[in-house]
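Structural overview
Each chain, letter by letter, is given below.
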Amino acid sequence: MVGDGKIEEESVHQLIDFGDVPIGTSTSKTFQVKNMSSVNANVSISHQISGTVAMDKVFVCKKRQHLIKPHSSINVKIDFLPTIEKMAYTDYFYISPAGFPSQCVVKCVGRSTAPDIKLSTNILSFNYAELGTEHKQYLTISNQSNVKTSYQIVLDSTESVFKVDRSCGTLDGKEERTIVVKFVPLQPIPYYKRIPILLHRQEPIFLDLLGSGFTNEIRPARLVAKDLDNFVEKVRTGLSMYPPEVQTSILADDKTTLSPGVPLQDQPPSSQFFSDVQMMTESTTMHVTADIETIDFGKCRTFQKVHHKTVTVTNHTKGRVTAIWNDNLDSVFTVLPTECDIQPYKSASFRVNFHPRQPNQFYGADLECTTFYKSMRDTQLVNDKTMCASWSQSVYCTGETFEPGHEPFLPRYETDTSAILFPPALPDQPVYRTLLLRNQGDTPMSFVFEDDPMGIFSVKPMSGVIYNEVSIVMVRFLANQSRSYQHNLACTLNTKHKIVFPCVAAVELPTAWLENEGAMVFKPSCVGSVTEHWYGVRNTSRLPLHIEWKLHNQDNNLVVSPLAGVILPNDTQYQSWKFSPKDDSVLKAINVLSIYHVKNNRRKLTVSAMGQATKASLECLPKTVDFGISVVGEVSSETVSLHNPYSCTADYQLSLEFDGPDNCEIHLDKTSGSLSAYGKEELYVTYQPLSQANYKIKVVCTINSQSHTLLTLTGEGVFPKLSFIDIRSVGILCNASKKRIWDLFSLDLLNKHLAEPPDPAELRQLMETRSNDRNKPFSTKALAVVDFGSNTIDSDPSKVVVVMKNSGKVPSSFRFLFPPDLCLDMATWAEDKVEDASRAQERFNIEPREGTIKPGDTLSLIFTYRHGSEGIEELPILLKLSRGREIMLQLRGVTVKPGLAYPQIAHKSHTLQPVIIGSDCPPIQYYELYNGGDSQMSYEVMDESLAQLTQENYGCEIMKCLQPTGRVQPHSIAQIPFLFSPLEAKTYAVEVPIMIVGGDTYTITIFGEGATPGQQNTAQKGSVIPDKQAVLLDNQLAVLSNEAIDFGVVPTFSVSKKIVFISNTSKEHITFRWNTNTTPLCGEVISVSPDSGTLAPGLSTMIEVSLLPSSYPAIFDLDIICELTDNSKEAAYVDALARYEHALEEDRITFTIKEAKPQSPDKIDKSMDNWVATDTLNKYHTLPPIRALAPSPLDRPQTREYNCTKNTKHCTKKKRESPQKEQPSRPQPTQPFYLHLRITGQVADIKLFSGDLGSFDVPTDGIIQQDTEFNPEVPRAATNNEVHTISNVLSFVLKSLLDDVDVHTAIRNLSQEPIPYFAQITKTDASNAGAIEEEPKNETAPGEKSIEPAPVAPSSTTDVKLSPLISEILGETVANIIQETVQKELVLTARSRTIALPPRSPHHINM
């Protein structure tokens, strides 16, 4: 049986913050409980709360049980009803699925807000007021909160000299109200009354009222606001207990000791309101007090009878005071006497009379007594320094006159709460709550609160009468034992109706819960590191708890943060403990936690801390990461593993150190962290090179200020690098040399651009998303011109094969972007000089236009231009490399009308090779002028600028054109010789105009540099064109081993030879033929041997190229052509041509006779001289005889037609048009394949070699003494008349030689003459020969032998005539060896073999 066990899972919110909620209101929030399992989940929500915290049940969740379906969720609602103002609440709900041990805890937090009532001013000071007059001032009371509240000004306007128009009311949120305050003095005395304004759910605020009454006879001292501030300061110093007349002497006597006091204003507002004799503390200074504050006359059934009670007023000062009661004749409550002087520390009793005037009524009044120093009645007895405020005592009197049988009416009232919950209190520290009573009836309502027999709960006012208004009652809780208290506060309304308010309060002591029962254990820590541990302390009381930590740590390796703080009720606070061991030690520390609500009531708890210190380090696998070769800007990433082999957590910091270039982006997914003991984690490393360089980066791990190399990163950033390594001209451009095509296509400039790193702007666009602004087609600075040269209209397309090689280390993708590829308008893309951009786009083509080349591989590109219309056509395109350079290519092609010459000038400047200053024989250098048309072109070099240069250099010819005029054959090159003789080591520049006869004038800037002998060797030779073919073409027949030969520097009159091999790469026999007459100069100085030959498939032959320099120094850059022909195709062409010519001959001599049926042969003319066919020919007639003068059939027309008419006797000849026979097409000759061989070299004066000619073949015997007046000017061209005369003369001479018999005889005898070898191996001395000839011959006698002189030994080493022979023999020998080596008949690198003879035996030795 197979089954799946399911576990119920819930995920809930961890924290619900209700924010600030106004007191007296409620708010709700919900959280979601989701069942992630596949079964039903029974969820219970519990509220675990204990202790005094359970009093505050402000968070309520009504529904505690829920059933959640699989993969479903429910919303749980929690209500927040704050009951105590300005208090923070925290509570917890626990969500437990049935059958699952774990719980999810939801923490609820909220804060209650109270009203915020403000007065526009806290003091009102009235001016001097004459008795009986009324003065007004205005007071603004505003509610600055959003909480609705009620207020009550505790002032009886009927009994007081100060009156208000509205003593109570309700203020909505943000409401303001203006109250009119009046002052009506009854006695000429200073009045001061501090009126409490009770606020529901807020501390009371106080209003100070000042005023002074006067008469014409009596003017008391006037009280102002500053006098009240001075009086409060006097209370603090104790001076207020002395009368004004004594204060002057006290102030003058510095030795007087005063007892400082505490003014009532320094007490909390609620305590100020509750201050009375019974509640007066030792710290509170009371000047005058009344023994009672409330007088209840009770039921007075005889309402016309006067009832009285006594109140005692005590003087606590050291001066005489006067007590005056406000006498209101209309009041039912009176006091006798109304005025009395009270001696220091004495008391005076007053009788309070109650004389009701109506039955069945409730009466209540607040009687006021104003007490002041007696000297205050006279202004002259006091000054500003001795001014004292008066004191006001209030006695609230109540009574009722309901007769028997007349019960009090039922009260109509409203209260704001049914129970009173007090905030947490400290021992002997009172806390207060307000109770709101509202009279909703139209008759007065009395209330009387019963006293608490324990005296713990008290009320003020205890009784009173409410007249269609609200009354705010303050309830105080004061206890000294730490426990919870409950009391039923009873209130009787209208003497009969009793209501009860349950009161709940508690005296709190600071209590806290410590995590793990006060034990804190650190995990193993690394030496020098910091291990953090969070330790929780929970406030289990309802008081905000202040905590302070005191650490007992001798090594100072234990730190707690925060060291002190406040924990809200029922909240848990976690402190950060950090253990930073300095050595391998064990931590054992006892720490003390002090908790308190007020500083004078502290409790101390202990927390033990234990820990162990060890060493730590990190390891990485692998230790080295090689990102290899990456394209600049390409992002690579690797993942390595970090391992902690130790038993403690390692807190590490990772940093980078660059060993070399630092322009590389290395990103670590984590630069710091903690790795647990024996733990592993992965480190994600991202690598992005930003430039072309080799990178080596070390990832350094730092643990506790100890660093070590954790990981080594290596990589190489490269740009995609392409280069053009070869170029081939095919088709109509096959005669163009490789150098010329290389220069036309600007491959040197292109390679330079491709070798440079791309600009940042070029890297912003990828090859696939390359785009530009339509107004700015190109943003690249790299520009190059690709010129196809010129040709005539409707000629074959110009095709050039360019070989591109990936010379970099990464695959490189490229793309040629034409205007449609970039979605640009042709008018925006092309320049103004392109007349028809769309047509130009059709004529240029590149195949392929895009591709990817692997490193080291090559790719052949075919550039094609079709010559269509006359003129210059240009098309700009963009060569874009993926993540690399972008280069603008200006494709250019020229089309010329047939029969016109066109000077094609690829560059507007030409640089000559550097020449040593002061050279006697500077070399001749050449400028090449190409004729791209099919007509001969004449030119003339204008020498005005050269003459000006000569004039500027004091008449010295710096630069001279040796052949200012000349002709250039069609599609050929003319080499214009220049002689550059610098005087200074600087660069010369001269603009030389070249005028084309019948055409335009072109200005070429020629640069020449004068160099010192040491600088010439380091001078650059210009462009470097590869000398080997990179890729074979499809129809290529053979290949050269080298396409360029450099003879270097050779002396004049010498013969230099180089060899090159030509190999047959086809499968057929080929024939090659060398053409060295590409230019007149080339034909003079270059010879090739053999100049023609045949090669079998796969074979090679050696070609010897000789340089025969002239007698004057020059610099050569020549090109010769090898014409290759496929023998099989050539044989096929010859055979086809023979058949074609035979067919033409056969067609010419063949004719067809068409005639009617033959008749009588009588009329046939038998004469062959005048033979005519007739219709009477007899078919059986014999042929006429063959005669010499008979016309040949080959001379007759090819077709002859005869028309015989029966109605006539004579036959007439008539030509008819016969159907034309299809003429065979003439076979096209085989197109040869051309190979170009570039020959470079420099001919220097032989005198510069200092006689060291061992490496050159110089026929010194043939050297003619050089003429010192030699002028290297090239002779001018002969005129037509001179050419005609010379031709006639030479023709006559040659014809005469051919007709001469002696010449024929000499030629026949010349072939039979033996070869004179003795002339080369015998030394002949001219002087000795003459002497011998002059000596007489010695005659000998008969029979004697004549003595012949001994032959002289030949001295071949000193005979100059033997040098050519030896050179030729050695050259042929070396050539044969090389030829055999190429044909693999001889291996030059084979190991030499030695044949050893066997050792001789001892027998042979003895013999």
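Just so we're clear, the structure is a prediction, and the values are computed from it rather than from any experiment.

Before going further, it helps to examine the overall build of the protein. From N to C terminus, the protein includes 17 helices and 86 strands. When the 1407 residues of the protein are sorted by exposure, 42% land in the buried category. Considering only intrachain contacts with a sequence separation of at least 6, the fraction spanning at least 24 residues in the protein is 72%. Summed over all atoms, the accessible surface of the protein reaches about 76,400 Å², with 51% contributed by carbon and sulfur.

A few words now on the pattern of salt bridges. Under the counting rule described, the total for this entry stands at 37 salt bridges. Residues Asp17 and Arg111 are paired through a salt bridge, measuring 3.7 Å at the closest nitrogen-oxygen approach. Residue Asp17 is located in strand 2 (residues 15–22), and its partner Arg111 is located in strand 9 (residues 104–113); the two are separated by 94 residues in the primary sequence. Classification of Asp17 as partly exposed rests on a relative accessible area of 35%. For Arg111, a relative accessible area of 32% gives the class partly exposed. A salt bridge links Glu984 to Lys986; the nearest nitrogen and oxygen atoms lie 3.7 Å apart. Lys986 sits in the partly exposed class, given a relative accessible area of 37%. Each of Asp726, Arg728, Lys738 and Glu1043 takes part in one network of salt bridges that share partners.

Further remarks concern the pairing of strand 36 (residues 497–506). The side chains of a regular strand alternate between both faces of the sheet. Pairing analysis gives two bridges linking strand 29 (residues 420–421) to strand 36, with the strands arranged parallel. Within strand 36, the residue paired with Ile420 across the bridge is Cys503. Relative to strand 36, strand 35 (residues 484–493) runs antiparallel, the two sharing 10 bridges. Its bridge partner lying in strand 36, Leu493 is registered against His497. Taking the residues that link successive antiparallel strands as the turn, the strand 35-strand 36 hairpin has three residues, and the phi of Asn494 there is positive, at about 55°.

Turning our attention to the side chain of Ser160. By the element assignment, Ser160 lies in the loop between strand 13 (149–153) and strand 14 (162–164). Residue classification places Ser160 among the buried positions, given a relative accessible area of 2%.

This next bit is on unusual backbone geometry. Looking along the chain, the bond that leaves Lys460 and enters Pro461 is cis, with omega of -5°. Relative to the helices and strands, Pro461 is located in the loop between strand 32 (457–460) and strand 33 (463–466). Following Ser561, the chain continues into Pro562 via a peptide bond in cis, with omega recorded as 0°. Within the fold, Pro562 resides in the loop between strand 42 (558–561) and strand 43 (564–567). A positive phi angle, close to 55°, is found at Asn360, a residue other than glycine. Residue placement: Asn360 occurs in the loop between strand 25 (347–354) and strand 26 (362–373). The phi angle at Tyr678 is positive, at roughly 55°, despite the residue not being glycine.

This part covers helix 11 (residues 1127–1149). Between its first and last C-alpha, helix 11 extends 33 Å over 23 residues, near the 33 Å set by a 1.5 Å rise per residue. Considered for burial, the residues of helix 11 that qualify are Tyr1133, Leu1137 and Tyr1140.

The strand order 37-40-44-42 describes an open sheet built from four strands, whose pairing is antiparallel. Every interior strand has two partners, whereas the edge strands, strand 37 (512–514) and strand 42, have only one. With direction set aside, neighbouring strand axes in the sheet form an average angle of 30°. Alignment of strand 42 against strand 44 (residues 572–579), held across four bridges, turns out to be antiparallel. Within strand 44, the position partnered with Val559 by the bridge is Lys578.

A few words on the sheet that holds strand 6 (residues 65–68). Hydrogen bonds between backbone groups are what pair the strands of a sheet, and the pairing can be parallel or antiparallel. Spatially, 2-9-8-4-6 is the arrangement adopted by the five strands of the open sheet, whose pairing is mixed. For this open sheet the edge positions go to strand 2 and strand 6, each flanked by a neighbour on one side alone. Strand-to-strand twist of the sheet, defined as the mean angle between neighbouring strand axes without regard to direction, takes the value 20°. Relative to strand 6, strand 4 (residues 41–46) runs antiparallel, the two sharing four bridges. Across the sheet, Val43 pairs through a bridge with His66, a residue of strand 6.

Before going further, it helps to spend a moment on the packing of aromatic side chains. A full pass over the atoms with the stated rule returns 38 aromatic pairs. Measuring from ring centre to ring centre gives 6.1 Å for Phe126 and Phe162, while their planes differ by 40°; the resulting arrangement is tilted. Taken as a pair, Phe126 in strand 11 (residues 123–130) and Phe162 in strand 14 lie far apart in primary sequence, 36 residues in all. Judged by centre distance (6.0 Å) and plane angle (85°), the rings of Phe816 and Phe863 are edge-to-face.

Quick look at the confidence of the model for the protein now. When pLDDT drops low, the exact placement of atoms in the prediction is not to be read closely. Confidence in the prediction for the protein averages 81 pLDDT; 83% of positions are at 70 or higher. Residue range residues 277–282 is modelled with pLDDT below 50. Its contacts to residues more than four positions away, or to other chains, number six contacts. Contacts of residues 1161–1219 to residues separated by more than four positions or lying in other chains number 62 contacts, the stretch itself having pLDDT below 50.

Trp325 and Phe333 are the most contacted members of the largest nonpolar core, which has 65 residues in total. Dropping the residues within four chain positions of it, Trp325 is found in contact with Val311, Val313, Val335, Pro337, Thr338, Phe350, Leu367, Glu368, Cys369 and Val395. Counting 38 residues, the second largest nonpolar core, distinct from the first, contains Ile924, Leu1033, Val1088 and Leu1095.

There is a patch of nonpolar side chains on the surface, built from Val1289, Phe1292, Val1293, Leu1294 and Leu1297 and spanning about 490 Å² of accessible area. Considering the arrangement of structural elements, one finds Val1293 in helix 12 (residues 1280–1299).

Criteria and cut-off values
- Residues numbered from 1 in each chain as written.
- Predicted model: local features only at pLDDT ≥ 70, side-chain atom pairs only at ≥ 80, totals over all residues.
- Heavy atoms only, no water.
- Helix = DSSP H or I, 4+ residues; strand = E, 2+ residues; numbered from the N terminus.
- Buried < 20%, exposed > 50% of the residue type's maximum accessible area, 1.4 Å probe, protein only.
- Contact = heavy atoms within 4.5 Å.
- Areas by Shrake-Rupley, 256 points an atom, 1.4 Å probe, with all protein chains shown as cover.
- Salt bridge = Lys/Arg side-chain N within 4 Å of Asp/Glu carboxyl O.
- Pairing = 2+ DSSP bridges.
- Expected span 1.5 Å × (residues − 1).
- Axes fitted to C-alpha atoms, helices over the stretch in contact; angles between N-to-C directions.
- Phe/Tyr/Trp six-rings, centres within 6.5 Å; stacked < 30°, edge-to-face > 60°.
- pLDDT = per-residue confidence, 0-100.
- Core = buried A, V, L, I, M, F, W, Y, C linked by side-chain atoms within 4.5 Å.
- Patch = residues over 30% accessible without salt bridge, like charges linked within 9 Å, V, L, I, M, F, W, Y side chains within 5 Å.

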